[in-house]
Amino acid sequence: MDCKRAQALVPRYIRQEIDGEEMEAFLGHVKHCGECYEELEIYYTIDTALKELDGNLSSPRTLKMSMEQALLGSERKVRNRRCLQVSYYVLNTVVFWVVTTAFVLLLRMYLGII
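Residues numbered from 1 in each chain as written. Predicted model: local features only at pLDDT ≥ 70, side-chain atom pairs only at ≥ 80, totals over all residues. Heavy atoms only, no water.

**Description of the overall build of the chain**
Then comes step 1: Along the backbone of the chain there are 4 helices and 0 strands.
Then comes step 2: The order of α-helices and β-strands along the chain, N terminus first, is α-α-α-α.
Then comes step 3: Taking 114 residues into account, the globule formula puts the C-alpha radius of gyration at 13 Å, and the chain, at 24 Å, lies well above it.
Then comes step 4: Expressed as lengths along the three principal axes of its C-alpha atoms, the size of the chain is roughly 80 × 30 × 20 Å.
Then comes step 5: Contacts spanning at least 24 positions in sequence make up 58% of the contacts within the chain whose residues lie at least 6 apart.
Then comes step 6: For the chain, the accessible surface area stands at approximately 8600 Å², while carbon and sulfur atoms represent 62% of it.
Then comes step 7: Seen as two clouds, the 14 positive and the 15 negative side-chain charges of the chain have centres 9 Å apart. (Helix = DSSP H or I, 4+ residues; strand = E, 2+ residues; numbered from the N terminus. Rg over C-alpha atoms; globule rule 2.2 N^0.38 Å. Contact = heavy atoms within 4.5 Å. Areas by Shrake-Rupley, 256 points an atom, 1.4 Å probe, with all protein chains shown as cover. Lys, Arg positive; Asp, Glu negative; His and termini not counted. Charge placed at Lys NZ, Arg CZ, Asp CG, Glu CD.)

**Considerations on the layout of surface pockets**
With a probe scaled to a water molecule rolled over the atoms, the places where space remains empty come into view.
Then comes step 1: Approximately 340 Å³ is the volume found for the largest pocket.
Then comes step 2: Counting residues per element, the ones that place at least two in the lining of the largest pocket are α1 (3-14), α2 (20-32), α3 (34-51) and α4 (60-111). (1 Å grid on protein atoms, 1.4 Å probe; cavity = no way out; pocket = protein on both sides within 12 Å on 5 of 7 lines; lining within 4 Å. Points joined across faces, edges and corners; volume = space filled by probe spheres on them.)

**Brief notes about α3**
In an α-helix, one turn spans 3.6 residues, which is why side chains three or four residues apart end up on the same side.
Then comes step 1: Taking 1.5 Å as the rise per residue, α3 with 18 residues should run 26 Å; its terminal C-alpha atoms sit 25 Å apart, in good agreement.
Then comes step 2: Looking only at α3, the buried set comprises C36, Y37, L40, Y44 and T48. For α3, the angular spread of buried residues about the axis comes to 100 degrees, placing them on one side. Facing away from the buried side of α3, by more than 90 degrees, are the exposed residues G34, E35 and L50. (Expected span 1.5 Å × (residues − 1). Buried < 20%, exposed > 50% of the residue type's maximum accessible area, 1.4 Å probe, protein only. Arc of directions from axis to C-beta.)

**What to know about unusual backbone geometry**
Note: most residues except glycine have negative phi, and most peptide bonds are trans.
Then comes step 1: Phi at Q16 is positive, roughly 60 degrees, even though this residue is not glycine.
Then comes step 2: Along the polypeptide, Q16 turns up in the loop between α1 and α2.
Then comes step 3: Among the residues examined, Q16 registers a relative accessible area of 67% and is labelled exposed.

**Remarks on α2**
Then comes step 1: With 13 residues, α2 should reach 18 Å at 1.5 Å per residue; the first-to-last C-alpha distance of 19 Å fits that figure.
Then comes step 2: Those residues of α2 not exposed but buried are G20, M23, F26, L27, H29 and V30.

**Brief notes about the packing of α1 against α2**
Packed helix pairs are characterised by how far apart their axes lie and by the angle those axes make with each other.
Then comes step 1: Axis separation between α1 and α2 bottoms out at 10 Å; the angle between their running directions is 115 degrees. Taken together, the axes of α1 and α2 lie roughly perpendicular to each other. Note on packing geometry: the crossing formed by α1 with α2 is left-handed. Residues C3, R5, A6, L9, V10, R12 and Y13 of α1 touch α2, and the partners they reach there are E22, M23, F26, L27 and H29.
Then comes step 2: Taken together, the residues of the contact of α1 with α2 sort by class into 8 nonpolar, 1 polar and 3 charged. (Axes fitted to C-alpha atoms, helices over the stretch in contact; angles between N-to-C directions. Parallel < 35°, antiparallel > 145°, perpendicular 65-115°, else oblique. Left-handed = near helix turned anticlockwise from the far one by under 90°. Nonpolar A, V, L, I, M, F, W, Y, C, P; charged D, E, K, R; others polar.)

So, in structure tokens, the structure goes:
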């Protein structure tokens, strides 16, 4: 993912409107690109400040920690999604081989080979 695409996704990330592979690519880019990380930090700070306009505003340190927690939560979601995909693939593979083996055994029984 390039910076232009990552920066375009920042508002959608803050509104929690991205997931899946797009989320994974976004997080990977933001984690390694200081410019895009800073862009995310600015948007996150503005969004949080607007939400807390009626109450006491959080300190910049608290906002940064809050954003870091949100990023960690997103990374957990990506890892869980990957885990589910691998589990689904393994389950499908096992089911395929069980059905194939059962079919071959039934065919051999039917043909009298066993």
